[in-house]
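Take a look at the letters that make up each chain.
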Amino acid sequence: MQAEETVYIRPDVLVEEVDGDLEISVLDYSLPQLEISRSCRTALRNAEGDRQASSFLRKKIESAKWLIQALEQRQRTIKDIAVAIVEFQQDFLLKGPENLKALKMQTIADTVGVHLSTISRAIKRKYIETPSGIYELRYFFTGGVDNADGEIESRRKVSRRIGELIDGENKKKPYSDTALARLLQDEGLRIARRTVTKYREQADIPASRLRRMY
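Together, Glu-16, Glu-17, Asp-19, Asp-21, Glu-23 and Glu-129 make up a negatively charged patch on the protein surface. If you list the elements that add at least two residues to the negative patch, you get β1 (13-18) and β2 (21-26). Note that Glu-16 resides in strand β1. Given a relative accessible area of 41%, Glu-16 falls into the partly exposed group.

In structure tokens form, the structure reads like this:
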């Protein structure tokens, strides 16, 4: 049997805790170090008497400058996105996974001041190393349900609470999905029975009739 190839992840962003604060830096080892070479600039000066050659070289140099500026802007955008995510998910990074908040890409897009599609492109296959481990940036964008205060509860947190309720139930009279929804509603969550069913099934927890112990 052929052994699976080990895949190593090199993070694009590094978050370090320094004196209780989180410091963020973009790791640019994956980007080429580009600059306009001295020979190109010399060639442009030497071609000043040749309009066609001068025009050609100027266009090439301008294209190169545009590429360099685009790469620099890309790095700035990634850092801006990382800063916004870290600020929003600070409790998760400092206190643990149970503190992950629901977060939509549109929220970060509004914070950074870019289009939603820019966020989606910028975080694609990008990883962040934090005091809690290495995560894909997409990990921090979660769905959720509204709570009574109008805030958002993380889908993972709600799913974990459903699991806790089921773990503590009377196995002779297990909670139905409707009962679970009512219990969550009593805790301040606006959640429908069908949403409970979806989260329960995603967690591979059987229905109440299959959990009953006689």
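Further notes follow.
This brings us to the pattern of salt bridges. Scanning the entire structure with this criterion turns up 7 salt bridges. A salt bridge links Glu-169 to Arg-211; its shortest N-O distance comes to 2.9 Å. Here Arg-211 lies in helix α9 (residues 208-211) and Glu-169 lies in the loop between α6 (155-167) and α7 (177-186), a separation of 42 residues in the sequence. Considered together, Glu-169 and Arg-211 belong to a single accessibility category, that of buried residues. One salt-bridge network, in which partners are shared between bridges, spans Arg-161, Glu-164 and Glu-187.

What follows concerns unusual backbone geometry. Positive phi values are uncommon outside glycine, yet Arg-125 reaches one of about 55 degrees. Summarising the element assignment, Arg-125 is placed in the loop between α5 (116-122) and β3 (127-130). By relative accessible area, which is 60% here, Arg-125 ends up exposed. Even without glycine at this site, Asp-204 takes up a positive phi of about 60 degrees. With respect to the helices, strands and loops of the structure, Asp-204 is situated in the loop between α8 (193-202) and α9. What makes Asp-204 exposed here is its relative accessible area of 69%.

Further remarks concern a nonpolar patch on the surface. On the surface, Leu-34, Trp-66 and Leu-67 cluster together into a nonpolar patch covering about 340 Å² of accessible area. Among the structural elements, Trp-66 can be located in helix α2 (residues 51-88).

Inspection of every chain in the model, using the stated rule, returns 6 aromatic pairs. Judged by centre distance (5.7 Å) and plane angle (65 degrees), the ring pair of Tyr-135 and Phe-140 falls under edge-to-face. What makes Tyr-135 buried here is its relative accessible area of 15%. A relative accessible area of 1% means that Phe-140 is categorised as buried. The rings of Phe-92, Tyr-135, Tyr-139 and Phe-140 are connected pair by pair, giving a single aromatic cluster. The ring centre of Phe-88 lies 5.8 Å from the NZ or CZ of Lys-101, which sits over that ring. The ring of Tyr-139 carries the charged tip of Arg-156 above its face, separated from the ring centre by 4.2 Å.

How each quantity is defined
- Residues numbered from 1 in each chain as written.
- Predicted model: local features only at pLDDT ≥ 70, side-chain atom pairs only at ≥ 80, totals over all residues.
- Heavy atoms only, no water.
- Patch = residues over 30% accessible without salt bridge, like charges linked within 9 Å, V, L, I, M, F, W, Y side chains within 5 Å.
- Areas by Shrake-Rupley, 256 points an atom, 1.4 Å probe, with all protein chains shown as cover.
- Salt bridge = Lys/Arg side-chain N within 4 Å of Asp/Glu carboxyl O.
- Lys, Arg positive; Asp, Glu negative; His and termini not counted.
- Charge placed at Lys NZ, Arg CZ, Asp CG, Glu CD.
- Helix = DSSP H or I, 4+ residues; strand = E, 2+ residues; numbered from the N terminus.
- Buried < 20%, exposed > 50% of the residue type's maximum accessible area, 1.4 Å probe, protein only.
- Phe/Tyr/Trp six-rings, centres within 6.5 Å; stacked < 30°, edge-to-face > 60°.
- Lys NZ or Arg CZ within 6 Å of the ring centre and 35° of its normal.

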